[in-house]
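# Report on the structure
As a plain string of letters, each chain reads:
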Amino acid sequence: MLALGLVLNTLGIGFFCWAIFALAVYALPFFVALSIGITAFQNGAGVVGALLIGTAGGALTLAFGQAAVAITRSLALRIAIATAFAVPAAVAGYHVVFAVSQIGGPSLAWREVFVCLGAVCIGVTSWTRLIVLAKTRPLEPGGVMESPSNQFLRPEGPRDDRLPPSSSTGSHKSAR
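Residues numbered from 1 in each chain as written. Predicted model: local features only at pLDDT ≥ 70, side-chain atom pairs only at ≥ 80, totals over all residues. Heavy atoms only, no water.

## Side note on the overall build of the chain
For the chain, the count of helices and strands is five helices and zero strands. For the chain, the sequential pattern of α-helices and β-strands runs α-α-α-α-α. Expressed as a percentage of the 176 residues in the chain, the buried residues total 22%. (Helix = DSSP H or I, 4+ residues; strand = E, 2+ residues; numbered from the N terminus. Buried < 20%, exposed > 50% of the residue type's maximum accessible area, 1.4 Å probe, protein only.)

## A closer look at the confidence of the model for the chain
Summary statistics for the chain give a mean pLDDT of 78 and a share of 74% for residues scoring 70 or more. No element of the chain has a lower mean pLDDT than helix 5 (residues 108-133), which averages 83, and none a higher one than helix 2 (residues 27-42), which averages 91. (pLDDT = per-residue confidence, 0-100.)

## Regarding helix 2
For helix 2, spanning 16 residues, the distance from its first C-alpha to its last is 22 Å, which sits close to the expected 22 Å at 1.5 Å a residue. Regarding helix 2, the residues found buried are Ala27, Leu28, Pro29, Ala33, Gly37 and Ala40. Taken together, the buried residues of helix 2 touch helix 3 (46-71) and helix 4 (75-104). Phi turns positive, to about 90°, at glycine 44, one or two residues after helix 2. (Expected span 1.5 Å × (residues − 1). Contact = heavy atoms within 4.5 Å.)

## Section: a nonpolar patch on the surface
Taken together, the side chains of Met1, Leu4, Val7, Leu8 and Leu11 define a hydrophobic patch exposed on the protein surface, amounting to about 580 Å² of accessible area. With respect to the element layout, leucine 4 can be found in helix 1 (residues 2-22). (Patch = residues over 30% accessible without salt bridge, like charges linked within 9 Å, V, L, I, M, F, W, Y side chains within 5 Å. Areas by Shrake-Rupley, 256 points an atom, 1.4 Å probe, with all protein chains shown as cover. Salt bridge = Lys/Arg side-chain N within 4 Å of Asp/Glu carboxyl O.)

## Re the packing of helix 2 against helix 4
It is at 7 Å that the axes of helix 2 and helix 4 come closest, and there the two elements cross at 80°. In terms of their interaxial angle, helix 2 and helix 4 are classed as roughly perpendicular. From helix 2, Ala27, Leu28 and Pro29 reach across to helix 4, where they touch Ala84, Phe85, Pro88 and Ala89. Along the lines of polarity and charge, the residues of the contact of helix 2 with helix 4 split into seven nonpolar, no polar and no charged. (Axes fitted to C-alpha atoms, helices over the stretch in contact; angles between N-to-C directions. Parallel < 35°, antiparallel > 145°, perpendicular 65-115°, else oblique. Nonpolar A, V, L, I, M, F, W, Y, C, P; charged D, E, K, R; others polar.)

## Some remarks on the packing of aromatic side chains
Here the structure, examined in full by the defined rule, presents three aromatic pairs. Consider the rings of tyrosine 94 and phenylalanine 98, whose centres lie 6.4 Å apart with planes at 5°: the pair is stacked. In this pair, tyrosine 94 and phenylalanine 98 both sit in helix 4, four residues apart, roughly one turn of the helix. A relative accessible area of 28% means that phenylalanine 98 is categorised as partly exposed. (Phe/Tyr/Trp six-rings, centres within 6.5 Å; stacked < 30°, edge-to-face > 60°.)

## Quick notes on the packing of helix 2 against helix 3
Between helix 2 and helix 3, whose axes approach to 7 Å, the crossing angle comes to 150°. Here helix 3 runs roughly antiparallel to helix 2, going by the angle between their axes. Classified by chirality, the crossing of helix 3 by helix 2 is right-handed. Contacts between helix 2 and helix 3 involve Leu28, Pro29, Val32, Ala33, Ile36, Gly37, Ala40 and Phe41 from the first element and Gly46, Val47, Ala50, Ile53, Gly54, Gly57, Gly58, Thr61 and Leu62 from the second. Taken together, the residues of the contact of helix 2 with helix 3 sort by class into eleven nonpolar, six polar and no charged. (Left-handed = near helix turned anticlockwise from the far one by under 90°.)

## Here we look at the side chain of threonine 72
Along the chain, threonine 72 falls in the loop between helix 3 and helix 4. Polar side-chain contacts of threonine 72 include one of 3.3 Å to the backbone nitrogen of serine 74. (Polar contact = N/O pair within 3.5 Å; in protein donor to acceptor, adjacent residues only side chain to side chain.)

## Notes on the environment of alanine 99
As for its placement among the helices and strands, alanine 99 is situated in helix 4. Along the chain, alanine 99 and valine 115 lie 16 residues apart, while their C-alpha atoms are 9.1 Å from each other.

## Quick word on the nonpolar core
The biggest cluster of nonpolar side chains holds eight residues, and these are Val25, Leu28, Leu62, Val69, Ile81, Ala82, Phe85 and Leu130. Looking at this core, the elements with two or more residues in it are helix 3 and helix 4. Among the elements that take part in this core, helix 4 stands out by supplying three residues, more than any other. Beyond its immediate chain neighbours, meaning those up to four positions away, alanine 82 contacts Trp127, Leu130 and Ile131. Formed by seven residues, the second largest nonpolar core is a distinct cluster that contains Ile20, Ala24, Ala27 and Ile122. (Core = buried A, V, L, I, M, F, W, Y, C linked by side-chain atoms within 4.5 Å.)

Here it is in structure tokens:
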């Protein structure tokens, strides 16, 4: 029974860490959705209306962020947009790692080191995922191109000296 508990704890912590890194890019849209939803609820939209308005606001934030990164050609603007998504993720990562590090009870100095390292890792993950999710595509039509560097796929005539001779056994012996 103890072994089953250890295995399940390990799987649970692993799932929790995966969820933190997978959902890090959604920290800013979640914050925007929560803020819009609370504001709508306080202004009389009701629970269902606040949920719908907040969800739409968060989805539009993520979509506009990804589209802006994909459309813009300016590196400085891409970095600014990705940083706007990464900073809330890093702050959320800081607090999550701080809460988890209190379970183990390390010293305050080591806890702060682990928390800062976790915040940086989660922020960088969020920044990277936003850039990867919104890849830019060239405006040229796609097509199959032949790679000029692949010399083995282009036959040049009846006799091709560039290919190694085939052996009947299929094994290569090294000379000593």
